[in-house]
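The primary structure of each chain is shown beneath.
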Amino acid sequence: MKIWLLVGFILSAFVLSKVYAYKRFLRDSVLFTHHKKLLIALLGVVFLGEIGFFILAKEQNFNHLTYRVLGTFIVIGYCLFAACVIGDIARSVARIFSTKITKRTKILQSSQSSSPNTNQINQGRREFFKILLDLGIVVLFFVFTFKSYKNACNVPPIREVRIRLQGLKSPKTIAMISDVHIGKVLGESFLRGIVKKINALNADIVVIVGDLVDEAIDFVKQDLMVLNEIQSKEGVFYVSGNHEYYHGIDSILDFLENLNLKILHNQNIELEGFNLAGVDDLAGLRFKKYEPNLNLARKGLNSSKPSILLTHQPKFLKFYDVSDFDLVLCGHTHAGQVFPLSIFVWLDQKYIHGLYRLSQKTQLYVSSGAGFWGPTIRFLAPSEIVSLKIYPA
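Here is a short report on the structure shown in this document.

What counts, and at which threshold
Residues numbered from 1 in each chain as written. Predicted model: local features only at pLDDT ≥ 70, side-chain atom pairs only at ≥ 80, totals over all residues. Heavy atoms only, no water. Core = buried A, V, L, I, M, F, W, Y, C linked by side-chain atoms within 4.5 Å. Buried < 20%, exposed > 50% of the residue type's maximum accessible area, 1.4 Å probe, protein only. Helix = DSSP H or I, 4+ residues; strand = E, 2+ residues; numbered from the N terminus. Contact = heavy atoms within 4.5 Å. Pairing = 2+ DSSP bridges. Arc of directions from axis to C-beta.

## As for the nonpolar core
Inference 1: Core analysis: the largest hydrophobic core is formed by 38 residues, its most contacted members being Val180, Leu212, Leu224, Leu227, Leu256 and Leu261.
Inference 2: Counting residues per element, the ones that place at least two in this core are strand E2 (172-177), helix H5 (188-199), strand E4 (205-209), helix H6 (217-224), strand E6 (236-239) and helix H8 (249-256).
Inference 3: In this view, Val180 contacts Leu186, Phe190, Leu191, Ile194, Asp211, Leu212, Ala370, Gly371 and Phe372; residues no more than four positions away in its chain are not counted.
Inference 4: Core analysis: the second largest hydrophobic core is formed by 23 residues, Val207, Leu310, Leu327 and Val386 among them.

## Considerations on the sheet that holds strand E14 (residues 385-392)
Inference 1: Strand order in the open sheet formed by six strands is E1-E14-E2-E4-E6-E7, and the pairing between neighbours is mixed. At either margin of the open sheet sits one strand with a lone partner, and together these are strand E1 (158-165) and strand E7 (262-263).

## With respect to H6
Inference 1: Among the residues making up H6, those that are buried are Ile217, Val220, Asp223 and Leu224. For H6, the buried positions fall inside an angular range of 110° around the axis, keeping them on one side. For H6, exposure combined with an orientation more than 90 degrees from the buried face picks out Asp218 and Gln222.
Inference 2: Where H6 is buried, its residues touch strand E3 (182-183), H5, strand E5 (213-214) and H8.

## What about the pairing of E2?
Inference 1: Counting buried positions along E2 yields six of six residues, so the element is predominantly enclosed.
Inference 2: Two elements, E2 and E14, share five bridges in a ladder whose sense is antiparallel. Bridge pairing in E14 places Met176 opposite Val386.

Quick look at the structure:
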């Protein structure tokens, strides 16, 4: 039942966004008066492309080029909708000012002799503002499309976060990435750019908090070899995300075992300044393999040192007691990836992006991720490489 509700919601959202774009822009447009049938047909093509993407997106043998093309329809549909919303707001504001100006004009006309050209002038102004609004929506559409694509594909910037932990003896730097999603769109050059920025941080450790791989491992082995170039003082550590399970968790982990990183399977390791623990993702409960086990992950923690936990989904905190840990690091949410989807992320995961205090002892940081999932778009949800500066409290 839930899946059909989701499908119904997606279909309704796509249809309503196209109806809205037509009614608020194309129907009243001055620029496209003689091309409305063509534009309606194009909206239909965009809609079919969107549906095609979601029908095929779960297919393991989804051709990479087809994936990108159909994903582009999602970007076009969303950016057109967003531009129309902004245009609608501008139209409403313009009407308010127009009403005030009209009232003032009538007052002036009643006290002075009215000119026969007044109506023509007012009509000319209205036509001019309509054209201006049409052009504005077109410009916004192209700007939103360009920026959304650029935000998704560019190597993310460094975000520095300062955190104080009880029991820490000296400052430490943790470089954190999550949700890189190496696969159908993002590949070696993107990951190489991330590694270059990580190495510039001179971090004590590097953590990769799930969803590193978003494709069958045979397609991305060469891309992932770049991870061997990561430099850190005490090592590179990884926990699985839900997308690794979708593309063959066994074969992915087998390959990652041969790279210059340590996979934390429900276990912890004592480092120079703190304990570092990691759990497998919640998706393991569904797939009945590599299931999360927090009891194993916290077994034998050195109580004289602060403890940090890596777990991919913030939702993990709904089901497990993490009070033994001073800091929990998560990803998964993409900060919503596309506004206002952050609302649905909050409903599912409770935490969206940033630093949260769970208790007097325990803090949580949720990364917005380095890459993206699905269509090539990030809108009002910037990606990041996180530089965690950990200081003694």
